[in-house]
Each structure stands twice: as structure tokens, then as C-alpha cells.
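Chain by chain, the residues run as shown.
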Amino acid sequence: MIGTVDNWPALSFLEGLRPGSDENVELALLASYSADLGSIGAALLALAGKDTDAGRGSPSDFADAVERLRGKVRIIIQRGRLAKMRRTPRIAAVLDQFVREVDFDEATHSWHPKAALVRTRDAGGRAGWRLWIGSRNLTENVNRDIGLLLLSGEKAGASIPGAEDVARALAERAALKGVRPVSLGAAVAKVAWRAPTGVRVERLRWSDGSGDMAVPVPTVGTEEVVVVSPFIDKTFLARQAPQGSKPTRRVLLTTMREIERIGPPLAAFDDLLALDAPDYPVGDPEPDAETAVTASDRDPADDEEEELGRGLHAKLLFMRSGQKRRLWLGSANATMRAWTGRNAEVTAELVVTESVERGLKALLGSARLVEASLVEYAPDDAALEEEALERARAQVAARWAAQLGFDDEGTRLVHRSDLHPRGPHPDEPDIALEVGTLYGELVAWPCGQTTMLLGPIAPAERSEFVRLRVSRGEKGLSWLQRAPADPPFGEDRDRAAFVRFLGARGFLLWLAGLLAEDGRQGEGDWTNDEPRDRAAPGMNPALDSSLPTLEEMLAAWARDPQKFREIERRVSQYLPAVLEEARQDDPQIAEMLRRFDDLWGKLRSGLGVAEIKGKHR
């Protein structure tokens, strides 16, 4: 061990995504094993440069992020690994367009990479790139994770073997209109990347799930091997045994759960270290009964954040021979399934300095030294039941072939599969399957029934996300999956949702923020589902200084006529619907909107942008 230890620099995942102040995101492809709707919303806010330091944003910021990033962002996850939020706002329904699921059968392999590839464009028209590789899932859980952020830059930059493969693979899975995987890979291959201080990237290693890759092993003369992983298997660890006669120090950092599971073979390590197991998103954290509770009935204490864990989730393999230090980090656990390529994974192979090694030793120093178990592991009944439900979840996800339709009877889910004509149900007949819309009640799904009626749902709340639950007795697992809508929703669904979500005042605050372009943050939080509570009670809207002024409108035009035309497009698309809703709900607000519409129309005409209105209305 080295005497002094220095923690690695801390940079949040969202900070890595956020573009510079003069940049806009043109394309973002994110890969994760699991995700939750809150984190997806936070990622969009960061990519739009609209998030707060706490990773949150106002309703108008959220609406702006969706409008800016529609058709530019894909979040690719393993099917069956999407979770709700603690309190899922109605507007979260529109997030379905950003999610693509990989239908890997987890009985054999998983979509497990954690990566983000972002292309930006600055005010001068220059393209920028950022590439993040690491262990963090797109979830709200706080664990000990690690990541490597690479930025494009001609000075001190270099091409990295394997970056092209990562870009091409992400684009293939994203299936984003207008993004050709081969072209994107070729563009990324030409990028000169800058790595953090003390790090030289040898290559990026992408495995696609075909299972034809080799496991790194210590070479003759290796003095130290360190394995850090929340999940391990005996075969992979055996491959890290010393080669030759020179003694090799071996250290393993994992969780007590894995130490107890693997048992006596771990006694071969010189140091056996443990940290807590990582947290994972709760599939359906909001009890069904709470969905019927009105906002006014809620206890404020219920809105407090869940206690977050800080378990081990980083995955590292380190080898030192003299002054040569080699480090692998990324998504791969210390298992043969991960390193031989049966899973889709992404890993960075690095040559690092002594100072970077000290960061690793700081992580090891935070763990507790333990002894290997002397007895073989035997799972108890609770563990076996948990495994059975996880197996059932994986089977449903792998067999999924459902579409959503909407007619006079409400929401209709139809499962069509030649391989599984009786439905996506799990093998074990006593495990029940339930299904529901994102905000609706779960209903039992009998095996053999391929059409399910899920009840009516307002157009503004329609979503391709559906809820699923497998259960046996009192134990169950819940999660979300996408069922493509037929016909697709399109932008009209989003606008209907935002009109309801923002309300009249929220819409005007959104416009005020766009016009002012002064970095002001909107009011409230997008996760709050109560638009009327965001307005000050009893306030005369005519005296509300937060709303757009004529001076701000003129200043926006003078500053950037092209951007003013973009704001005009938002006004043309949204204002009629906002005005119509206000007429029904609040005559005072409706009158304020009508005056704004008159003022905006005169301004638009006076500035010579009247034709924009004609094209979009």
C-alpha cells in the first residue's frame, strides 16, 4: 500500500452531460442498464442546460428541455429495468419518446453498458463532443460509482481506438431518425479526445453480447492485482491468479452478500474488503392507495426524499508491475458473463499514474477488512423467492410484444407474438401477472388472454409506458415497459400535456424566460403535479412582474431575430390551447391571455414576422 491517499475528483453525472453556456446539444445517446423517470427528466434538464445544482428544474424549464431535445436524445436501457418515481407527475408521460428498450433475455445476457455520447454546437458553429464511460445507472440511487469523462479538443487530444465502436453501437440501438450509425462512428473516430490528468486511454472496449471476448489476466511479473466489483464469480477471480513465481498481492473489494455467497475460495486474497450492497430503484415506490389521495390530503412529510444508500457500485480492475499501472473501468462486473462479452458492456482500458492509483487506495481505505466465509453458501427461502420473481420479470420482459391503442372503450393493450401466443406470462403458473397504464390501476392479466382493456385516459396523459407486476402471495415486483402506440402520439400529445401541466401562468413564465435569456430559473419544480398551487393565491395577474413585458419582447428581437422567430413558433403552437383552457377555468386569466395575444400579434406584425404565424397555425 502507498502511504498517502487522495480521493478521485468528484464530478456528477449530470455535470458531465451539461453543455457549456454558449453550446446547444445536437445529439445525445445515453446507455444504462436501469433507469427511473425522475433521472431521465433530470438528464434532459441537464442536456438543455436548464437544471439546478440539485438536478431539478421548473415546469417551464422541463417543457423547454423536451421541446429542445425532441428527436435529438435517446436513452437506451434493458427492457424490464425502468422504474417510476416516488411521486410520478402526470407530465412524465411524455418521457416515453426518449426511451428505447433492448429486448435481451436476461436469462442469457443483458444490456448493461453505462455510457453517454453528446455532440454540441457553439455560437460560432463549432462542434464539440463529450463521451462518458462508467458504472452509474440512470437512477436516483446514490452509490459509490466511477466514470471517465472525455472531452473533444485539438490541443493535447488524441484519437482513441474503440470510440468509433461505442458510437456506432449506441446509434444502432437508438434508432434515431436521421442518425446513421456508420456515419456517426466515422465522425467519432476523427475526434481528438482529452483525458483527465494522470490518465492515458489505451482503448475503449465495447462488447455487443455475442460472447467472444477475452478476459484480461495478470502477466508474468505483475506485483499487484485489485478487483473492485459489487458482483463477482469464482471463474473470473480465478483468472486473476498470479502468473509465474514472483509473488503477487491480490485485493478484492466487494459486498458482504457476495463474500458470503462465494465463500471459502475468497480466502486466497491477501486483503478481502467489503462495503454495503448498492441500492437499486424501487420499481413502483408509490403504493396504489396513494394514487387516489388528493394533493390537499397529502402529508408534507411524504414529500421528503427517500433515504439514499451509498453502497458499492463501481467496477474496476487494476494491475501494477513496477511503475506500470493499468486500470480497467466501466460497466463490467467481475464476472465471466460481463468480461467474455455475453453482456453488452463498455470498458475503458487506461494507463494511469501513481496519483490515480492513490485514488484507488482511498476507495479501498473506506472499506472494512473481513474474513472469507468458512462454509458454502446455501440460499434461504426468502432469497429463492426473490430469485423466482426476478426470473419471472426477465421472462415477461423478454417475451413482450404488446402495442397500445385507444378507442371508445378506452386504452387497449394487444400482445401479438408468434413465439409466445398466450402472452408474455412467466413460466411458473402460480406467479400472477398484472398490467395497467402509467397512472391507472393494475388489473390481473390471465394467461392466454392477448387483449387487455386498461380503462379511459385523457389524451394529455397518454403514454407508451405501461406498468407491470409479477407476484406470488404477498411478494411482488413492479416496473415499467414501453408498448408502442398505434398510431404514434406525435407532438400534439406533448403540447396537450404541457398546456394542462403549465397552465396559463406557467406558459407565460416559460415565454418570459425564453425572451429574457438571462439565465433566470422558472418557479416550482417539474415533479410537482399541482399547477394551480404554483401561482400566488389571490395575485392580480396584471400586476405579476414575472410575466413577459413589452420591453423584454423588443429586446429579444433586437438581440437575436432568429431566436425570436423560434419563440413565436412556441406562441403560435401553444397559445390557442392555453387560451381555450383558461376561458373554461378562469375568466380573469383568460382576459390577461387575450391582452397578451393582442399585444404579441401587434408586435409580431410590426416586426415583420407575421408569416411565421401563418405557417404554424
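Residues numbered from 1 in each chain as written. Predicted model: local features only at pLDDT ≥ 70, side-chain atom pairs only at ≥ 80, totals over all residues. Heavy atoms only, no water.

## Comments concerning the overall build of the protein chain
Convention followed: Secondary structure elements follow DSSP: runs of H or I no shorter than four residues count as helices, runs of E no shorter than two count as strands, and numbering proceeds from the N terminus. Throughout this description, buried means an accessible area under 20% of the type-specific maximum (1.4 Å probe, protein chains only), exposed means over 50%, and partly exposed covers the range between. In what follows, residue pairs with any heavy atoms lying within 4.5 Å of each other are defined as contacts. Areas reported as accessible are Shrake-Rupley estimates using a 1.4 Å probe. Residue values count occlusion only from the protein chains shown.
Of regular secondary structure, the protein chain possesses 15 helices and 24 strands. Across the 617 residues of the protein chain, 53% fall into the buried class. Considering only intrachain contacts with a sequence separation of at least 6, the fraction spanning at least 24 residues in the protein chain is 76%. By element, 49% of the accessible surface of the protein chain is carried by carbon and sulfur atoms, the whole surface being about 27,600 Å².

## Examining the confidence of the model for the protein chain
To keep it simple, the criterion reads: On a scale of 0 to 100, pLDDT captures the predictor's confidence in every residue.
Counting all residues, the mean pLDDT for the protein chain is 87, and 90% of those residues have values of 70 or more. Note that pLDDT drops below 50 for residues 288–309; the model gives that stretch 22 contacts with residues more than four away or on any other chain. Scored below 50 in pLDDT, residues 611–617 shows 15 contacts in the model against residues more than four places distant or in partner chains.

## A few points about the sheet that holds strand β5 (residues 99–102)
Put simply, the rule reads: Strands pair, by our definition, only if DSSP identifies at least two bridges between them.
Reading across from one edge, β5-β3-β1-β6-β7-β8-β9 is the order of the seven strands in this open sheet, with mixed pairing throughout. With one partner strand each, in any of the chains shown, β5 and β9 (193–194) form the two edges of the open sheet. Where strand β1 (residues 23–32) and strand β6 (residues 115–122) come together, eight bridges link them in antiparallel fashion. Of the residues in β6, the one forming a bridge with L27 is R119.

## Points about the nonpolar core
Note the following rule: To define a nonpolar core, start from buried Ala, Val, Leu, Ile, Met, Phe, Trp, Tyr and Cys residues and group those joined through side-chain atoms within 4.5 Å.
The biggest cluster of nonpolar side chains holds 75 residues, and the ones touching the most others in it are L17, L30, L37, F62, L95 and F498. Among residues more than four places away in sequence, those in contact with F498 are F62, A63, V66, I91, V94, G503 and Y574. With 54 residues, the next largest nonpolar core counts I146, V191, W193 and L312 among its residues.

## Looking at the sheet that holds strand β13 (residues 271–275)
We count it as follows: Lines fitted to the C-alpha atoms define the axes, with helices restricted to the stretch that makes contact. Angles between their N-to-C directions range from 0 to 180 degrees.
The sheet built from eight strands is open, its strands ordered β10-β16-β15-β14-β11-β12-β13-β17 with mixed pairing. At either end of the open sheet lies a strand with only one pairing partner, and these are β10 (199–208) and β17 (368–369). The pairing of strand β14 (residues 316–321) with strand β15 (residues 324–330) spans six bridges and is classified as antiparallel. Bridge pairing links L316 to L329 in β15. The strands that helix α9 (residues 354–365) touches are β10, β11 (224–228), β12 (249–255), β13, β14, β15 and β16 (344–352); relative to β11, the one it contacts most, it runs at about 55 degrees.

## Overview of the packing of helix α11 (residues 491–516) against helix α13 (residues 561–585)
Under the convention used in this document: For this classification, under 35 degrees means roughly parallel, over 145 means roughly antiparallel, 65 to 115 means roughly perpendicular, and everything else is oblique. A crossing counts as left-handed when the near helix is turned anticlockwise from the far one by less than a right angle, and as right-handed when that turn is clockwise. Throughout, the ten residues Ala, Val, Leu, Ile, Met, Phe, Trp, Tyr, Cys and Pro are labelled nonpolar, Asp, Glu, Lys and Arg are labelled charged, and all others, Gly among them, are labelled polar.
Orientation of α11 relative to α13, taken along the N-to-C sense of each, is 140 degrees, at an axis distance of 9 Å. With respect to α13, the axis of α11 lies oblique. Once α11 is placed against α13, the crossing between them reads as left-handed. For the pair α11 and α13, the contacting residues are R495, F498, V499, R500, G503, A504, F507, W510, L511, L514 and L515 in the first and K563, F564, I567, R569, R570, V571, Q573, Y574, L575, A577, V578 and E581 in the second. Residue classes in the contact of α11 with α13 are distributed as 15 nonpolar, two polar and six charged.

## Notes on empty space enclosed by the protein
Selection criterion: Only protein atoms enter the calculation, which uses a 1 Å grid: trapped sets of points that fit a 1.4 Å probe without letting it out are cavities, open sets showing protein on both sides within 12 Å along at least five of seven lines are pockets, and any residue with an atom within 4 Å of a point is a lining residue. Grid points are joined across faces, edges and corners, and a volume is the space filled by probe spheres set on the points.
Inspection of every chain in the model, using the stated rule, returns six cavities of 30 Å³ or more. The computed volume of the largest cavity comes to approximately 70 Å³. If you go around the largest cavity, you meet 15 residues; those closest to its centre are V228, L316, L317, A332 and W339. Going through the elements one at a time, β11, β14 and β15 are the ones with two or more residues in the lining of the largest cavity. The residue makeup of the lining of the largest cavity, split by class, is ten nonpolar, four polar and one charged.

## A closer look at the pairing of strand β24 (residues 475–482)
Within a regular strand, the side chains alternate between the two sheet faces. The element β24 is largely enclosed, with a buried count of six among its eight residues. Where strand β23 (residues 465–472) folds back on β24, the antiparallel hairpin that results is connected by two residues, among which G473 adopts a positive phi of roughly 65 degrees.

## Here's the deal with the pairing of β15
In terms of burial, β15 is a largely internal element, five of the seven residues being buried. Connecting the antiparallel pair β14 and β15 is a turn made up of two residues, with G322 showing a positive phi of about 65 degrees. Bridging between β15 and β16 involves five bridges; their strand directions are antiparallel. Paired with L327 across the two strands is L350, which belongs to β16.

## Some thoughts on the packing of aromatic side chains
Put simply, the rule reads: Aromatic pairing here means that ring centres of Phe, Tyr or Trp (its six-membered ring) are within 6.5 Å. Orientation follows from the plane angle: under 30 degrees is stacked, over 60 is edge-to-face, and everything else is tilted. A ring is considered to have a charge above it if a Lys NZ or an Arg CZ atom is located within 6 Å of its centre and within 35 degrees of its normal.
Enumeration over the complete set of coordinates arrives at 13 aromatic pairs. Between F406 and F489 the ring centres are 5.8 Å apart and the planes differ by 45 degrees, which places this aromatic pair in the tilted class. Here F489 lies in the loop between β24 and α11 and F406 lies in strand β18 (residues 402–407), a separation of 83 residues in the sequence. Seen in terms of ring centroids, F564 and W600 are 5.2 Å apart; in terms of plane orientation they differ by 15 degrees. Their pairing is stacked. Of the two residues, F564 is situated in helix α13 and W600 in helix α14 (residues 587–606); the sequence distance between them amounts to 36 residues. Taken together, F62, F498, F501 and W526 form an aromatic cluster joined through their ring pairs. The ring of F269 carries R250 above its face, with NZ or CZ at 4.4 Å from the centroid.

## Quick word on the pattern of salt bridges
Convention followed: Think of a salt bridge as a Lys or Arg side-chain nitrogen and an Asp or Glu carboxyl oxygen that are within 4 Å of each other.
One pass over the full model with this rule turns up 54 salt bridges. Beyond isolated ion pairs, a larger network of salt bridges with shared partners links K50, D61, D64, R68, E566, R569 and R570.

## Comments concerning α9
For clarity, the cut-off: To estimate the expected span of a helix, count its residues, drop one, and scale the result by 1.5 Å.
Given a rise of 1.5 Å per residue, twelve residues ought to cover 16 Å, and the 16 Å separating the end C-alpha atoms of α9 matches this to within 8%. Counting buried residues in α9 gives nine out of twelve residues, a clear majority hidden from the surface. Along α9, the positions that sit buried rather than exposed are V356, E357, R358, G359, L360, K361, A362, L363 and L364.

## Quick word on the environment of Q395
Which entries qualify depends on this criterion: Definition of a polar contact: a pair of N or O atoms within 3.5 Å, with one able to donate and the other able to accept a hydrogen when the atoms are protein atoms, and with sequence-neighbouring residues admitted only if both atoms are side-chain atoms.
If you trace the backbone, Q395 turns up in helix α10 (residues 381–398). On the accessibility criterion, Q395 (15% relative accessible area) is buried. Residues Q395 and P424, 29 residues apart in the sequence, show an inter-C-alpha distance of 7.3 Å. What Q395 contacts, discounting residues up to four positions off in sequence, is P424, P426 and D427. In this structure the side chain of Q395 is engaged in a polar contact, spanning 2.9 Å, whose partner is the backbone nitrogen of D427.

## Regarding the side chain of E349
Mapped onto the fold, E349 is located in strand β16. A polar side-chain atom of E349 sits 3.0 Å from a polar atom in the side chain of R326. If we skip the residues at most four places from it in the chain, E349 touches R200, V201, E202, R203, R326, L327 and W328.

## So, the side chain of E434
Along the chain, E434 turns up in strand β20 (residues 432–437). Setting aside residues up to four positions removed in sequence, E434 forms contacts with L442, V443, A444, W445, R467, L468, R469 and S471.

## Considering helix α5 (residues 181–189)
For clarity, the cut-off: Within this analysis, the arc is defined by the directions that extend from the helix axis to the C-beta atoms.
Along α5, the residues that are buried comprise L184, G185 and V188. Down the axis of α5, the buried set is contained in an arc of 100 degrees. They therefore lie on one face. Buried residues along α5 sit against β1, β6, β7 (127–134), α4 (163–174) and β9.

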